[in-house]
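Now for the letters of each chain:
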Amino acid sequence: MPNATDCNDLYFFGEGQVQNNPRQVSILGYEGDRPVFIQFTTIASQTSTQTRVYRDQRDAAIFDWTAAGTHLGLLTIGQRQFHMGQLVRPYAPKCLYSLDLA
């Protein structure tokens, strides 16, 4: 079991790993000595694509991708919604860089 001074390694596995698709992958990592499980599941239809992110088997975030216009789509974390373009801004809201469920 890793401790807080160890390197935080990430282990990728699942269907997305085989197909080289990061939107269908599971990740096991650690926060200190506590294991964290992150899972990405993407469902695509003719009209929309949605990637759901689960942290420790609980909803963490939803990416609603869009094919129209000049923006990427909408990100939902809890009850908060953001345009995905905010993820790449130099001063993006701090809450976008964490999958805190609070």
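Here the structure is shown first, and the text comes after it.
Treat the numbers as computed from the prediction; the structure is a model and nothing was measured.

**Q** Account for the overall build of the protein, naming residues and giving values.
**A** Within the protein, the secondary structure is distributed over one helix and seven strands. Ordered by position from the N terminus, the helices and strands of the protein form the series β-α-β-β-β-β-β-β. In the protein, which comprises 102 residues, the proportion classed as buried is 26%. At a minimum sequence separation of 6, the contacts of the protein that also span at least 24 residues come to 15%. Taken as a whole, the protein presents about 7300 Å² of accessible surface, with 55% of it coming from carbon and sulfur.

**Q** Describe the sheet that holds strand 4 (residues 49-55), naming the residues involved and giving the relevant values.
**A** Taken together, the seven strands give an open sheet; going across it, the order is 1-2-3-4-5-6-7, and neighbouring strands pair in antiparallel fashion. The strands lining the two open edges of the sheet, one partner per strand, are strand 1 (11-13) and strand 7 (80-83). Recorded for the sheet is a direction-independent mean angle of 20° between the axes of neighbouring strands. Summarising the sheet, strand 2 (residues 26-31) and strand 3 (residues 34-44) pair through six bridges and their orientation is antiparallel. When the bridges of strand 3 are listed, Ser26 appears paired with Gln39.

**Q** Give a description of the nonpolar core that names residues and reports values.
**A** Generally speaking, nonpolar side chains in soluble globular proteins are found buried as a group. Ranked by size, the top nonpolar core spans eleven residues in total: Val25, Ile27, Val36, Ile38, Val53, Ala60, Ala61, Phe63, Leu75, Ile77 and Met84. Going through the elements one at a time, strand 3, strand 5 (58-65) and strand 6 (73-77) are the ones with two or more residues in this core. The leading source of residues in this core is strand 5, at three residues.

**Q** I'd love a proper account of the pairing of strand 3, names of residues and values included.
**A** For a regular strand, the rule is simple: side chains alternate between the two faces of the sheet. Between strand 2 and strand 3, which pair antiparallel one after the other, the connecting turn spans two residues, and Gly32 there sits at a positive phi close to 65°. As paired strands, strand 3 and strand 4 are joined by seven bridges and run antiparallel to one another. Residue pairing for strand 4: Ala44 is matched across the bridge by Thr49. Between the end of strand 3 and the start of strand 4, which pair antiparallel, lie four residues.

Conventions we followed
- Residues numbered from 1 in each chain as written.
- Predicted model: local features only at pLDDT ≥ 70, side-chain atom pairs only at ≥ 80, totals over all residues.
- Heavy atoms only, no water.
- Helix = DSSP H or I, 4+ residues; strand = E, 2+ residues; numbered from the N terminus.
- Buried < 20%, exposed > 50% of the residue type's maximum accessible area, 1.4 Å probe, protein only.
- Contact = heavy atoms within 4.5 Å.
- Areas by Shrake-Rupley, 256 points an atom, 1.4 Å probe, with all protein chains shown as cover.
- Pairing = 2+ DSSP bridges.
- Axes fitted to C-alpha atoms, helices over the stretch in contact; angles between N-to-C directions.
- Core = buried A, V, L, I, M, F, W, Y, C linked by side-chain atoms within 4.5 Å.

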